[in-house]
Structures are given as C-alpha cells and as structure tokens.
Protein chains: 8
Amino acid sequence: MAQVGDFARLDVGRRRRTGVPEVVYADGKTPQQTLQLLAELRRRTPDSPALATRCPEEVLREAADAFADEPVRVDTRARTVTVGPLPAPRGTVAVLTAGTSDLPVAREAVATLDALGTGSRLFADVGVAGLSRLLSVLAEVRAADCAIVVAGMDGALPSVVTGLLAAPVVGVPASVGYGFADGGRAAAGAMLASCAPGLTVVNIDNGFGAAVHAAKIVGVRDGE
Amino acid sequence: MAQVGDFARLDVGRRRRTGVPEVVYADGKTPQQTLQLLAELRRRTPDSPALATRCPEEVLREAADAFADEPVRVDTRARTVTVGPLPAPRGTVAVLTAGTSDLPVAREAVATLDALGTGSRLFADVGVAGLSRLLSVLAEVRAADCAIVVAGMDGALPSVVTGLLAAPVVGVPASVGYGFADGGRAAAGAMLASCAPGLTVVNIDNGFGAAVHAAKIVGVRDGE
Amino acid sequence: MAQVGDFARLDVGRRRRTGVPEVVYADGKTPQQTLQLLAELRRRTPDSPALATRCPEEVLREAADAFADEPVRVDTRARTVTVGPLPAPRGTVAVLTAGTSDLPVAREAVATLDALGTGSRLFADVGVAGLSRLLSVLAEVRAADCAIVVAGMDGALPSVVTGLLAAPVVGVPASVGYGFADGGRAAAGAMLASCAPGLTVVNIDNGFGAAVHAAKIVGVRDGE
Amino acid sequence: MAQVGDFARLDVGRRRRTGVPEVVYADGKTPQQTLQLLAELRRRTPDSPALATRCPEEVLREAADAFADEPVRVDTRARTVTVGPLPAPRGTVAVLTAGTSDLPVAREAVATLDALGTGSRLFADVGVAGLSRLLSVLAEVRAADCAIVVAGMDGALPSVVTGLLAAPVVGVPASVGYGFADGGRAAAGAMLASCAPGLTVVNIDNGFGAAVHAAKIVGVRDGE
Amino acid sequence: MAQVGDFARLDVGRRRRTGVPEVVYADGKTPQQTLQLLAELRRRTPDSPALATRCPEEVLREAADAFADEPVRVDTRARTVTVGPLPAPRGTVAVLTAGTSDLPVAREAVATLDALGTGSRLFADVGVAGLSRLLSVLAEVRAADCAIVVAGMDGALPSVVTGLLAAPVVGVPASVGYGFADGGRAAAGAMLASCAPGLTVVNIDNGFGAAVHAAKIVGVRDGE
Amino acid sequence: MAQVGDFARLDVGRRRRTGVPEVVYADGKTPQQTLQLLAELRRRTPDSPALATRCPEEVLREAADAFADEPVRVDTRARTVTVGPLPAPRGTVAVLTAGTSDLPVAREAVATLDALGTGSRLFADVGVAGLSRLLSVLAEVRAADCAIVVAGMDGALPSVVTGLLAAPVVGVPASVGYGFADGGRAAAGAMLASCAPGLTVVNIDNGFGAAVHAAKIVGVRDGE
Amino acid sequence: MAQVGDFARLDVGRRRRTGVPEVVYADGKTPQQTLQLLAELRRRTPDSPALATRCPEEVLREAADAFADEPVRVDTRARTVTVGPLPAPRGTVAVLTAGTSDLPVAREAVATLDALGTGSRLFADVGVAGLSRLLSVLAEVRAADCAIVVAGMDGALPSVVTGLLAAPVVGVPASVGYGFADGGRAAAGAMLASCAPGLTVVNIDNGFGAAVHAAKIVGVRDGE
Amino acid sequence: MAQVGDFARLDVGRRRRTGVPEVVYADGKTPQQTLQLLAELRRRTPDSPALATRCPEEVLREAADAFADEPVRVDTRARTVTVGPLPAPRGTVAVLTAGTSDLPVAREAVATLDALGTGSRLFADVGVAGLSRLLSVLAEVRAADCAIVVAGMDGALPSVVTGLLAAPVVGVPASVGYGFADGGRAAAGAMLASCAPGLTVVNIDNGFGAAVHAAKIVGVRDGE
C-alpha cells in the first residue's frame, strides 16, 4: 500500500493478489490527482502499463505531455489514458455492440483489455432489429474465448448471443436511449432477467469491469 | 347506457362507437355481479357473444350452468368465459409466446379474438434463447395481418419479431420470471425502449387489450 | 447490409423485410456520422427519402447545404431531417395532442408519416381539462384510419379518445409536466393501465415509433 | 388526552381542535383493541358517533353484539363500523367512481361523511371509457358543494370532472387494475400530475381522508 | 373555445364552467406564445386578470413592456406574470412554509390567489425542527378559511398543521433537499401517507394548484 | 469462530470486538437451526443471555420447553426469545412510538436493550396528529441518554423529537400504513431527508439495530 | 428442436451450440409438464442428466417415482431435480454464502454444477460482519478456478472476495433481508455498483445462472 | 426565535434545547440571505461559531471579506464557511472514507465537528477492494469514541467497520459512482440493509448530519 498525498492509498499489491493491477478511476478526482496517481503507478508497478478510465477532458488533453518519455495512448471516445508499453496480447475476447451509440463503452473495454494484455476483436452495430448483421459475424465471434456484449435500449442482444455461443458471455448495459430506456436500466433489467442461461452482467456503461472479468477468464484458460 | 343494479352502467353503445362491444372485467367484482353483467350483455347486445376476462374460479365453474341454453366457452388457463355463438373469423392475427409460461396471456388474446370475430394462430415457446425455434415458423407468421408477441423475463422476442415482419406488432409483457423480471416490468421496459421501430406495447399480461387493438387493425383492413 | 466506416452496418433490406426503410437515429452519433449515413441511405435506397430523427443543432443547420441537389425538409421543433422527394400520401392518420407543449412529439410523428408516404392531420391542444375542444374536432378524427394521441402530465387524453373511436389508437406519453409527471412516466403509466380497451403505447416522446406503427396499419388496409 | 390500556392515548380534544373527532384506524390493532377504543370514544365523546375504519372480519362480525344498546352500522364492503346515532346531514358531497371495483373506497367515504354529519350522493361506474355515463349525471354532480372522485387504473376521471365543476374536487386513487396500475400508483401519479387546476389528492384507497377534507369544506361553507 | 395560431385552443368558457379562468402554463411554450396567449386572454376575458405561471426569464423581463397600458405584476421568485387589475380579495388563505427555500412555491400560491380574488397571509419558515416558530403564529393561522402548507425534505409540517386546525389543509411538497428528499418525493410521500386526517396534496411545487383549490373552497363559503 | 452443523459459523468473538454479542436472526432459518444456535450461544458465551429476533411461531412456542433450566423470555408481539438471566440495566433509552401499530417494533428494541443490559422506558402513541400527547411526556423523554423513535406512515415524529432533545436520536421507520406509506419507505424517506440535524436512521422495522446503536452510545457514556 | 405437446419446443441442440444442455425451468409450468419435459430430455439427450430448477412441491415429491429406473437427486432446499447419472466433475468452483439464509441459492448453484460435470466446494456463512470467518477459508477459496458468492442484505461479500482473488467472481444477490433489502435489490445494486473490478452479477437468487457461467469458464480452461 | 427579514426565523434557542446551535443550510438561499443569517447568528449566539453548509461559490468567495474582523474558515471542497473562533475540541470521532471521491462529504463532517467543538481524525481511501488499507489503520480507528464512515458505490465499508468496532458507527452514503450506484442510493440501501448490527445511516452526502449525531454522542460521554 502506498500513500499518495493525503487523498489516496494505492493498492500496489493488487495485481499479485487479484491478477489485475490497480487502475485509476478518474471520475471525481481532480486532473492533478489523476496524473499524479498514473505517475505513481508507473513508478511502483513498472511491469504493467498504468491505466486511467473516465478521464475528464483536461486529463485526455494533457496526458501525452505529462508522460513525454513513455508511450501514451489516449482514446477520447472511451475516455481512457494508458501510459507505458502494452503487453503482448493473450487469448481473444469478442466485443460486440448493438448500435453505433454503444461504441464508447465497447472501446473502454478494448482499452482495458489492451492494458491487461488480453487480445480482442470489436464487432460494432449488430443489434437485433436486423438479425442478419449478427449472423454474418457469428463464426468469428464463436472463435473467441469469451464475449462482451454491449447494448442499450432493450438490451436484447446479449440474450441472443448467449443462446448462440459456448463461450462465457458478459453483458454490459449502455445508457443509450430515452424514456423507458432509463439511462440503461431497461437494458440492465433485461439482461439480469434474461432467458439465456449463463449471461452475467456488470454495471451500466462499465466496459472496464467486463474487460477485467474477461481477462480473468483468459487467465483461467492459461492456468493462472 | 344501461344501469345494472346500483353498481354498474353498461356501455351498450360501445360497439357502435368503437367497433368493440363492452366486455366484463371480472377482477374486483363479485361472481354474482359478473354473471349478471354477462346475462345483461347477452340480452342487450345479442349480435355478439358476451365475454368476461380475469374470471375467478367460481365464475369459471358456474358459467356453463348459468347459461344452459347458450354455447359457453370457458378457458381456465386464460380465465375467460364467452357466452353465445362465435362470429365467423375474419383476417389472421399471429400470437407468439417466448416460453411455455406465457401461454395463459396468449390464450386470453386468442379468446378475445375469437369473441370479436377475428382469426388467430398460436405459436408457443419460440423465445430468443434458441432462435431456430422462431425461424422455423417465420413464414407462417409473416402471412398474418398483425402479430401479438407475448414475452416475460427479458422481453426480447417482440423486438426480434418486429425486425422481421411488415405487419404491425403489439408486444405484451408477461409477469413471468423473478428478481429483476419484476412482475413483467423488465419485459415492458425492454419493449417500450425497443430498438425495433413500430412496436407498440400494452399493459403487463394484457392479452385482452392487444387482441382488441389487433381486431381493430383487421377492421381497418376491411374498411370499417 | 452495408458497412459504413467502422461504426455502422446499414440494414438496407429493412424496407423489403418490414415495410419500413432504415432510419437514422441521430442521438449519440456525431453530426458527421449522421450526415454520412443519410447520404449512404439516399444512395442505396433511392426509392424512399432518407430520414433522421433526434438531430442535434449542427445537423439541422447543415443538412440543407449537405444535400444541395435534393429537396431537404428540416423541422427544428421535431428535430427531423428528410432528404429526397416525399412519396404521395396514402390513408390518413389523425395526430392529436393534449397541449401545446406536446407539439414537438406530434411533429416528429407527422414528419415520419410524411417520409413513409402516409397521410396525416394534426389536432393540437385538445386535452381533457376542456372537453369541448376534443368534441369539436371529433367528427374529423373519426374519419382517420388510425389515431396517434400525444399527452404528457396525466396522460388521460388517449383513454378518452380510445373510448370514442373505432380506429386503432396509439398513445404517446410526452415528457411534459413536473414532479409526479416524472418525465412522462405518469402519462405512460396511465396509458398502459388504461380502462379503454385496445389502446397501445410507445416509449415516452416516441412520435417516430407511433408513426411507423400507424403506417404499417395503413399498409394492412392496402393489403401489403 | 385519555390513556387506554398501555397501547393508546385517545386524542379526545381533536374535534374541538380540528372539527373532526378522533377515529379508530383498525389496521394493525387487535380486534379487542379496536372494540375497546370504540367503547372509550362513545363514553368520552358521546355527542358524535364512534367510527372505525379498515376493520378486520372479526370486528365487523362482533360490533353489533358488542354495542347492543346503541345503533350500530356495519359496512362489510367499506370495512367500517359506526356506533351511535348519526347526526343530521348538512351540505352535499358528490362521490363518483370510475368503475364498479372502486365502490369499496367510495363507500368508506360515504360512511365517514355519514358519521361526520355531512350529506352525500353516490354516482358509481361513470369512467371515461364511456363518457356519456358521466355526462348523464353531470347536472346532479354540479349541485354538490364538493366532489370526491375515486378512480383506479389510469386515474383519468378526476381530471375530467375537475374540468367540468366549480366545486372543489378531491381525487382518490384506487388500488384497482394490474401491471402498470401498480396498486393505485399510476392513478395517483395521473391525478397529482393532472392538467386540471385545483384537483387535490389523498392516499391510495383513502376514502376516509377525502371525506374528512370534504366535511371540513362543508364546515367552511357554514362558517365554522 | 378560441383558436390561437395553430398551437393552442383557449378554453374561454372555463371560468363560467369551473369558477376559475384559463391560466397560461408557460413551461414548454415559447415566450412569444406565452405573451400572445396572455394578450388573447385579456381581450376575451377582460373581467379577470390574465395569469401566466412558470414563466422563463424572457417573459418575466418583457411582460411589463408588452402590456404597457395595463397594470402588470411580475414576481421573479414565483415566476408569475399577472396582467390587469386585481379583483378585491375575499376570504383568507393562510400560506405556510417549513423553510426559507420553500418561498418560491408559496409565492406562486399567493400570486394565484391574488389573481383569483382570494385573500392570503404568508407565514414563512415555521418548520418542525423548531416547533415554537409554528406555535407563535398558530392563532393567526387558525383565523383563515383554509391553509396551504409548503414543505420539502421530510414534509412533516402539513401533518402537524392539519392536527391543529379546523380549516381544510392542502399540502404542497417542495423540491427542496437532496438525496432521499428526491426532488420532493419524500415530502409528497409523507403528506400522502399522513397520519393527520383530511390533509390533501397537490403535485410537487404546485403552489398554483393548491391556490385554485383554496380559492374554490372560499367560493363554497360564499355560496358559489 | 464456532462451526455449527454445516450451516453456520458463530462469531463468538463478536462481543469482545464490538461490545455486542452475536444474536440469532431467525428469519430464513429453520426452527431447529435457531434453537440449536441459541443453545450453542448459551454454551459458548455464558456471560450474556442469548437472543433471537424475528422468530417464527414454532420457535416462540417451543423456546420455554427447549431451555427448561434457564429463565426464558418470549415476546410474541416483538417475536423475540431471550435465554438466560438478564444483566442489570445501565443508562436509559427512551423508546417512543407514533401509534399503537408501531408497538411490535418498539418492543423488539426493548427486548434487545434488556438483553444487552441497557435500561429503557417506552412511550407509546405520541404521534404528531395530536402534539399534546408528545408534550405531556417530554420531560421524561429528556431525561434519557438516547432516544429511539418508531414511526410509520409520514414518519414525522423523529424529526419533531430531534428538534426537542439534546440526546442523540435514532429513527426507526415502521411498515405501518398503506398506499404511499409503501411498507415503511415513506417514513424512511422522511427521516433520511429530515430537516432536524443529527437524526440517524436504521432499516424499516429494525428495532433491534436501533437498540444496538443505543446500547453502544450508553457504552460510550460509561467509557467503554 | 423437439415439439412437446402443444406447449413447448425443446432446444435439443443447445448443448452442441452453447456447451450447456437445455434445462427445465419449472416455475409457471404444471408438474405434469415439468415431468414430461424431464423425460423427453432424458430420451433425446441421454449423454447428460436432465435438470429441473424451481420445482414445486409436487415435482420434488414425485420425481423419484416418476423415474424409477434412473438415479434421481432431489434437493428440497434448492428445489432442484436431477435425473440420470452425474458426469465426472472437472475443475473446481468455490461457492460462498454470506449467511445461513443464503444456502438454498448456493445449493441450486451446486446442483447445477453437479449436473454440468463441474466440481464445487461450498463455504457457508462467511459474511463481512465477522471478517475472520472469511479469512479462515481464504486459502481454500483461492485454489478454485472461479468463485460464486451469494449474499443478501447489503451484498458486501462479493466485493470483498473479488478484492482478494485472481479467479473470476460471479455475485448472486439473494432475496434475504427486509425493508431496504428489497427482495435482493439492495444486494444487487451494491454488487453492480461494486468498487471491486471484474465482479459480474446475475439475477437475484439465480444460483443456476451463476453456475452455468462458472461451468463455461471451466470449459474455457479446458480449451472447449 | 428571531425574525430575519421576511424570509427566516432563526431558532436561537436550538442549542439550549438540542445541544447544537442553528446552522445555515445555504442551498436554495441567495448568497445575501446566507451571509445575513451568518451575521445574525454571530450576533445572537456569540458563544459558538456560525456555520453555513452547502454554500454556493459566491458565499465561499466573499465570506472572508464579509467578516473581516473575525476568524473565517472556508473549505471549498466541503463547501462550508465557519465564522468565529473554534471551541476547544472534546472527544474524538474517526471519519473514514472508502475512496478519494468521498472526501468532500467527509470534510463537511470534519468542518461541522470543528464548529461544534468535537475532535476528529480523518482516514481517507480505505475501501474494501483492498482490505489491507483498512486493517493498517484499525487500531487508530478503535481509539475513537464514535466513527463516521463515508462510502459511495457499493457502500460496503460501513458494514465491515461496524463488525470491527465497539464504538457506535454512522454510515454516510456518498453520491459517488454511476449506473446502479444511483446517486448514492445503492450505498444507502446497502447500509440500511446491513448485516452488521448497530449501524445507523444518514441522508446521502449528509456529512453534516452524521457529525451532529457524533457530537451528541460525545456529549453523552461527557454527561451533557
């Protein structure tokens, strides 16, 4: 455990304990705090890149300058910053989205998988209103070790995918839609009440959490 | 308008005004009130059968004796009683269910369509966890003038069906499932927030209302 | 199916399959994505106009310039853009609103009906607090093939209208009112729990969905 | 204030202070407690009848025997017991119900008005699905000093009535209906969000509370 | 009924029918529409002032200029505009608030009472956390014909006041507080579930509706 | 920690760690499991009585026989069983209820305080609809070290009491009332959103939890 | 796909497609339907046992007789019936419960894992109110390939466990507790909003779904 | 009681009555009102500092100038202003936070304790995802008279802490997190439904209220 200023205690033993290093959740922190925590993570756990999620504009804008000596990846749609060289990817996680508006969530998952050293493939806009879109990519999806399925509105896609795959599936409700979509709650409710056995669910818009779970599954495959 | 006892005013002009005769909603009425209202409806609007929905056990058990001179149809799963000869059916409404547990709601729809003189075909247990079940009946479903799709749990089936049909589709959320299924609210939320354009929705378990809407659509077809 | 960039797969077979062409839901897309999708739709499905709903300011402002060679209709209240010549209208859908504030939702319905080649008439501000307003237009409403009724606050108007018409009625809850109006949820609850048989409901503010359903009903009339 | 056993303190000064005597709310009390409290009320405030609402079966069955020397009125639908002679009625409160199933709530209001010495007239089953039923009694309703309107399901009737009367109107949501009716919450939401100015609302099924408010209004008329 | 542009139908017979003239609800209307409707109301119902509630900044700022020949009252806290001479007040309505933050709602009530020709007295900041504040004004409150009690947070004050007055009481939940205050829903729930008989409730922040009800009560007193 | 069967691990160090011994929560356990756990607690922690809360009928009925050699206290209203001699009471906790129906919750608090060796005084039926009831006991309440205030319906009493006492106050929402009382949620919302500073709240009907907190406060007084 | 009566279509290809055979969800089916479906499953997919979950009393009682020639396992707490010989177990899933009352849900998970040929170990009553209970079994839990953590009330245990393990963790909210526990919704909310990265969640009480996900993870390990 | 302008009545006897002086809740007040009330408090209750919570920017910025002759403490994170010399601290309250984002709420608690003359120690970022952080400060926490535990997201920390301390614990749900965190409601639900006996809860983000309760507990210790 590493005290940072008077505002944080970095859990530097987390990777050893849980297989996944501490990650900076930037929401509710000042940009300075986030950048300081990224620097501290790089210094104390140099064997994995430092990742921050839900970064505000200022962090996205200043990250490259703040870490001029390191490779820095900034995804402004996913609102992620990754500092340090990426590990070589192992395994494959299929990341699907029902619509175009679900992409930022899917990209947060992809950025997280990248930082954790897990491979991924992204299949965008394959929602159930036009099933042929899903069927046309199904063989490729089936080749993955695990699938993450992002959907807003009715949240129907994860149920359909779970009924078609042997791999474990994690559904991510997206805050896409209006009225009864209710900020992703309708999608979440549909996924949690799904008729398809084995679908598990993470918080609304939580591409990060789904990716951590998927990376742990790939770790199981590799006997970790 | 016809006063019945001191507890009801039958809207005997409803069929002329709305195309659909008054129907007895038995829930919250005493069995005696329901049977008396059915008798009154038969007497005052003899050109259509009298229908009661959501009947308690006692009404289901006594209806045949109460109307010994008339054909009486009792569906104990749908909890409907129909008194009087059925009109010849016009048009076809496809009634689909996601699972076996949705059947009582679907049968309320069928009994209502029967009473209104609208044809129907029932396709049970074609939910999205095994898509092939739906695809195997799709051609037949497409031949209908309108579709009613009953689903509980994730409520995903109506979205999938709406993406596959030119006919108008009405979704009926069913109070099937537990936890986040929330008595049909998850299914309703998914249908109302659906990504499939043109899907409309009725109250949870309201097979009756969906059937009335479908019958009105068939009426439009026939230039009423 | 047509891949557009790496962010969308246009469902170009949707009209053949469902009677209604793919429509661009602009919310959550960048203005560039929306304009690109409109252009792609015009190119691939030239026999119907391309419609985008829920457009942000930038799309509304730039649409006319972006499609200088085509007729472009922009409705800034409805937030719709329609590119290409409108088809000749068939049938008539009555569109009613309870109050003045419900007009944007009603106009989204009208713009959608226009794009789908379905005729419409708009009756604004006929809510139940002053019933004479509704009664004065009732004969005209009764002449329509189908009615769409938009109401916020108590959502009472669709129930009253359904009790007066033989045509099928679709209620659209509007996010009008405060406190218990709850962003349209009170109106939606009232419509879904309605005492008037046959009323179906779409999502809050979903004038688009109601119009698609109504257009499909007119299609049924015409034997499609 | 009068201590009763170790479980209650009767507010015997309530009538002097608020114009309305203490009333026994029997729900959650044992039958013995309720009967004892009724007896105590008769003894300490002999100038008005003693009223208990929401009585369980046992109280309804035993009340007449328990007060053999007094006039006792038991309404098994309303679940009320009134002990002692009724005062002569003053004023008139119109009590309307949307449907037959709302009658128990309306009768609780009537029993309360009786006990408080306020006149009433009951108009059952005049809901908005068939407006002519309301219009046929409108002149009589207009003659009242105040109106109480009970409605479940969509809760639309109080809004319509408020738009037609000069008298103050109190809406009572009834726990009638299923699904989105939500135990009376849809009706309550519609009434609280009503477009009709001046409608006030009480708790679901609270015929008692509406009657007390109405009786106080009649008291205002009489300069109390 | 008077058509105004293509967006509104003024209910000019409302005062004759309900005792209360049509009032402009400015929320969701353009400033131009609101000003036009105020002008139309002045022209068609010159015997009462024209009132608009929930006015946006622009209407509040421009109202005086728009009606240069008439007395205009603008309350920027209550967000009301009243055009035309006020009628002489009849009766007295006590308007109480639990805290200082509830004042805008209370002033909407007062402005409405002024426009309707009903007298009022305002008692601010007498909430239950310091009961002596209420007790010190109780005698004056008791002199009123009716009381309106505005409270946010716990919504406890209307219950306490109802237990102390013979006059009818209307509670107005205010959207004051945070967290479980839930935009006024906690206060509304407390008022609707109140242990104090006869308290009725209006929508959250609906000072206008409470005032209309109170004015109708004063009208009952005067035999209207 | 003590393993009991294969279904429980008794936390026998809890009293040393938290000042409060392990208590059996009987809900969801079989009667046999509850009785076995009480016996195990008596055996392993003989210096304090063993308490079980939320006991089903069978446990309440059989407890005295099951522990024939020990003093056993059974409160059928509170649904508690206490086995073993009570410690001498220290300090005083005032336990107030708004109404008679709140008594079972208050008695669970009292039984818990008894078992923990904390003194208590019970003041029943002092709710805000008749404030004089509270004021008549106020001096006695003020003498306590801490107050527990149980209230259902509007949950107003804890706010009023907190505004009158220097001692810390814990509010207990009770599942008393109907409709918007919502099983105690309205009362809980009112308490959590209270305008009275320093009021803390426990779960609905959780007299046990309030008592443990109060006992810990008395422990603070005594320098534990 | 195999039609069974007119009420079901068995998805006999599900195991080939998803790795997990069709399972009978007995809730909402008649006992006869459930027993018939179990028999059909045994006949058509003889290589795996047939499992039914959420069985009513009658099925639990009659299953052994109905399949006299086969090994039948009935768990009356878990409400599961398994017909046919169990496959040899592969891998290990740790199943933890916070309290004794969570056991039925945990046992549904264990029965499902048994039927799917996945090994398991059960750790009961290790909730966070006494952390030492968890710490004492931690080494054993860490040896598993995957963990399922069942918790009602505050749902805190899965967050704590996820922070201590490298294996993927699935949380199962249990409908244990009262008031704000809200039938498992508080636990579900806590798990979905967890601060511990990688925790995924299934529906309330859905031990079955968690087990299917865990079995798929073990399948990934084995390169399926 | 002191009238301030026409908008407030200061409860100057509150400290004598409740041990805690009146505090200005600045939300919903104009900056001028807040500053005027602070001045009035200083004048009328000079023996304790005047505190304002939830101050808008303008008050935070101008407070020092407004009270140039007095010590003024402004905490821009906590949004508090304290005017006047702080009393000497008595006792110790441990204030813990689960994460860095919970700090503003914790600092409101600390500022309040400072103003009330109660000592405090702050332990930031000790949430359950890395238990060692909590364990490393446990001995210091155990030395306090009372603990305040602030947590958003899953709200698990207060349950864990309550299981480890003899001192009374107050949980403060923080509006930290997204989706199912629901503005602090998930954390609040977890705390209210906690398995740890004796935890009490205040409103979301209500550091002030928790501090008042804690200060009263310290007062009990000191025999006040």
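Residues numbered from 1 in each chain as written. Chains lettered and ligands numbered in written order. Predicted model: local features only at pLDDT ≥ 70, side-chain atom pairs only at ≥ 80, totals over all residues.

Here the focus is the overall build of chain A. A count of helices and strands for chain A gives 9 helices and 11 strands. Counting every position in chain A, which comprises 224 residues, the buried fraction comes to 68%. (Helix = DSSP H or I, 4+ residues; strand = E, 2+ residues; numbered from the N terminus. Buried ≥ 20, exposed ≤ 12 C-beta atoms within 10 Å, placed from the backbone.)

With that out of the way, let us pick up the UniProt feature "domain: PurE" (unreviewed entry) in chain A. Residues given the UniProt feature "domain: PurE" (unreviewed entry) here are residues 91-223 of chain A. Helix makes up 40% of residues 91-223 of chain A and strand 20%, and the two end C-alpha atoms of the span are 13 Å apart. (UniProt positions renumbered as here; feature names shortened; annotations may be inferred.)

This next bit is on the sheet that holds strand E4 (residues 50-53) of chain H. Paired through backbone hydrogen bonds, the strands of a sheet run either parallel or antiparallel to each other. Residues and elements named next belong to chain H. Within the open sheet, the 4 strands sit side by side as E3-E4-E6-E5. Their pairing is mixed. Each of the sheet's edge strands pairs with one partner strand only, and the pair in question is strand E3 (24-25) and strand E5 (72-75). As judged from the 4 bridges shared by E5 and strand E6 (residues 80-83), these two strands associate in the antiparallel manner. Bridging from a neighbouring strand, Val 74 pairs with Val 81 of E6. (Pairing = 2+ DSSP bridges.)

One chain copy maps onto the other through a rotation about an axis and a shift parallel to that axis. If you rotate chain H by 180° and push it 0.0 Å along the axis, it lands on chain G with an RMSD of 0.0 Å. Here the symmetry operator amounts to a two-fold rotation axis. Of the C-alpha atoms belonging to chain H, the one lying closest to the rotation axis is found on H:Ala156, 2.6 Å away. Of the residues that chain H buries at the interface, 100% are likewise interface residues in chain G, meaning the two copies contact each other through the same surface. (Least-squares fit on C-alpha atoms with pLDDT ≥ 70 in both. Contact = placed C-beta atoms within 7 Å.)

A separate point is the interface of chain F and chain G. Each partner contributes to the interface: chain F provides 15 residues, whereas chain G provides 14 residues. Among the residues making up the side of chain F that touches chain G, the classes are represented as 4 nonpolar, 5 polar and 6 charged. (Nonpolar A, V, L, I, M, F, W, Y, C, P; charged D, E, K, R; others polar.)

Contact with chain H, which involves 27 residues of that partner, is made by 28 residues of chain G. Residues that form the side of chain H that touches chain G fall into these classes: 15 nonpolar, 10 polar and 2 charged.

Mapping chain F onto chain G leaves a residual RMSD of 0.0 Å; the transformation is a rotation of 90° accompanied by 0.0 Å of translation along its axis. This pairing of chains is accounted for by a four-fold axis. No C-alpha of chain F approaches the rotation axis more nearly than that of F:Asp182, which lies at 8.2 Å.

All names here are of chain D. One open sheet accounts for 4 strands, arranged E3-E4-E6-E5; its pairing is mixed. Both edges of this open sheet fall to strand E3 (24-25) and strand E5 (72-75), since each of them pairs with a single strand only. As paired strands, E3 and strand E4 (residues 50-53) are joined by 2 bridges and run parallel to one another. Within E4, the residue paired with Val 24 across the bridge is Ala 52. In the packing of helix H4 (residues 103-116) onto the sheet, contacts are made with E4, E5 and strand E6 (80-83), and the angle to E6 comes to roughly 10°. (Axes fitted to C-alpha atoms, helices over the stretch in contact; angles between N-to-C directions.)

Now for the pairing of strand E9 (residues 146-151) of chain H. All names here are of chain H. With respect to burial, E9 is a largely interior element, 6 of its 6 residues being buried. Across the two faces of E9 the burial is the same, with Cys 146, Ile 148 and Val 150 and Ala 147, Val 149 and Ala 151 all buried. One ladder, built from 5 bridges, connects strand E7 (residues 90-97) with E9; its direction is parallel. Bridge pairing in E9 links Leu 96 to Val 149. Where E9 meets strand E10 (residues 169-173), 5 bridges bridge the pair, whose relative direction is parallel.

What follows concerns the domain arrangement of chain A. All names here are of chain A. For chain A, the assigned domains read domain 1 (2-83) and domain 2 (90-221). For domain 1 and domain 2, the distance between their C-alpha centres works out to 25 Å. Every element with two or more residues in the side of domain 1 that touches domain 2 is listed here: strand E4 (50-53) and strand E6 (80-83). Of the residues assigned to the side of domain 1 that touches domain 2, the class counts are 4 nonpolar, 4 polar and 2 charged. (Domains from an automatic or database assignment.)

It is worth spelling out the pairing of strand E7 (residues 90-97) of chain C at this point. Burial analysis of E7(C) places 7 of its 8 residues in the buried class, which makes it a mostly covered element. For the crossover that starts at E7(C), traverses helix H4 (residues 103-116) of chain C and ends in the parallel strand E8 (residues 118-123) of chain C, the hand is right-handed. (Right-handed = clockwise from strand over helix to strand, strands pointing away.)

Residues and elements named next belong to chain B. For the pair helix H2 (residues 31-44) and helix H3 (residues 57-66), the least separation of the axes is 10 Å and the interaxial angle reads 40°. Of the possible angle classes, the one that applies to H2 and H3 is oblique. Relative to H3, the crossing made by H2 is right-handed. In contact with Pro 31, Thr 34 and Leu 35 of H2, H3 contributes Glu 58, Val 59, Glu 62 and Ala 66. The class makeup of the residues in the contact of H2 with H3 is 4 nonpolar, 1 polar and 2 charged. (Parallel < 35°, antiparallel > 145°, perpendicular 65-115°, else oblique. Left-handed = near helix turned anticlockwise from the far one by under 90°.)

Time to look at unusual backbone geometry. Residue and element names in this part refer to chain C. A positive phi angle, near 60°, is found at Arg 79, a position not held by glycine. Within the secondary structure, Arg 79 sits in the loop between strand E5 (72-75) and strand E6 (80-83). Overall, the presence of 21 C-beta atoms within 10 Å leaves Arg 79 in the buried class. One non-glycine residue, Met 153, lies in positive phi territory at about 45°. If you trace the backbone, Met 153 turns up in the loop between strand E9 (146-151) and helix H7 (157-162). C-beta crowding within 10 Å serves as the criterion here: with 34 such atoms nearby, Met 153 is assigned to the buried category.

All right, on to the packing of helix H4 (residues 103-116) of chain H against helix H9 (residues 207-221) of chain H then. Packed helices, taken two at a time, are described by the angle between their axes plus the distance between the axes. Residues and elements named next belong to chain H. In contact at an axis separation of 7 Å, H4 and H9 are set at 40° when each is read in the N-to-C sense. Relative to H9, H4 is oriented oblique. Considering the relative orientation of H4 and H9, their crossing is right-handed. On H9, the residues touching Val 105, Ala 106, Glu 108, Ala 109, Thr 112, Leu 113 and Leu 116 of H4 are Gly 207, Phe 208, Ala 210, Ala 211, Val 212, Ala 214 and Ala 215.

By secondary structure assignment, the location of B:Ile204 is in the loop between strand E11 (200-201) and helix H9 (207-221). Looking at B:Ile204, the number of C-beta atoms within 10 Å reads 25, which means it is buried. As a C-alpha pair, B:Ile204 and B:Leu135 span 69 residues in sequence and 26 Å in three-dimensional space. Here B:Ile204 is in contact with B:Pro173, B:Ser175, B:Gly183, B:Gly184, B:Ala188, D:Tyr178, D:Gly179 and D:Phe180, once residues within four sequence places are set aside.

Counting all residues, the mean pLDDT for chain A is 95, and 100% of those residues have values of 70 or more. Scoring of the predicted complex yields 0.96 for pTM and 0.96 for ipTM. (pLDDT = per-residue confidence, 0-100.)

This paragraph deals with the environment of C:Val81. Residue and element names in this part refer to chain C. Along the chain, Val 81 falls in strand E6. With 30 residues separating them along the chain, Val 81 and Leu 51 place their C-alpha atoms 5.8 Å apart. Leave out the neighbours within four places in its chain, and Val 81 touches Leu 38, Ala 52, Cys 55, Val 59, Leu 60, Ala 63, Val 72 and Val 74.

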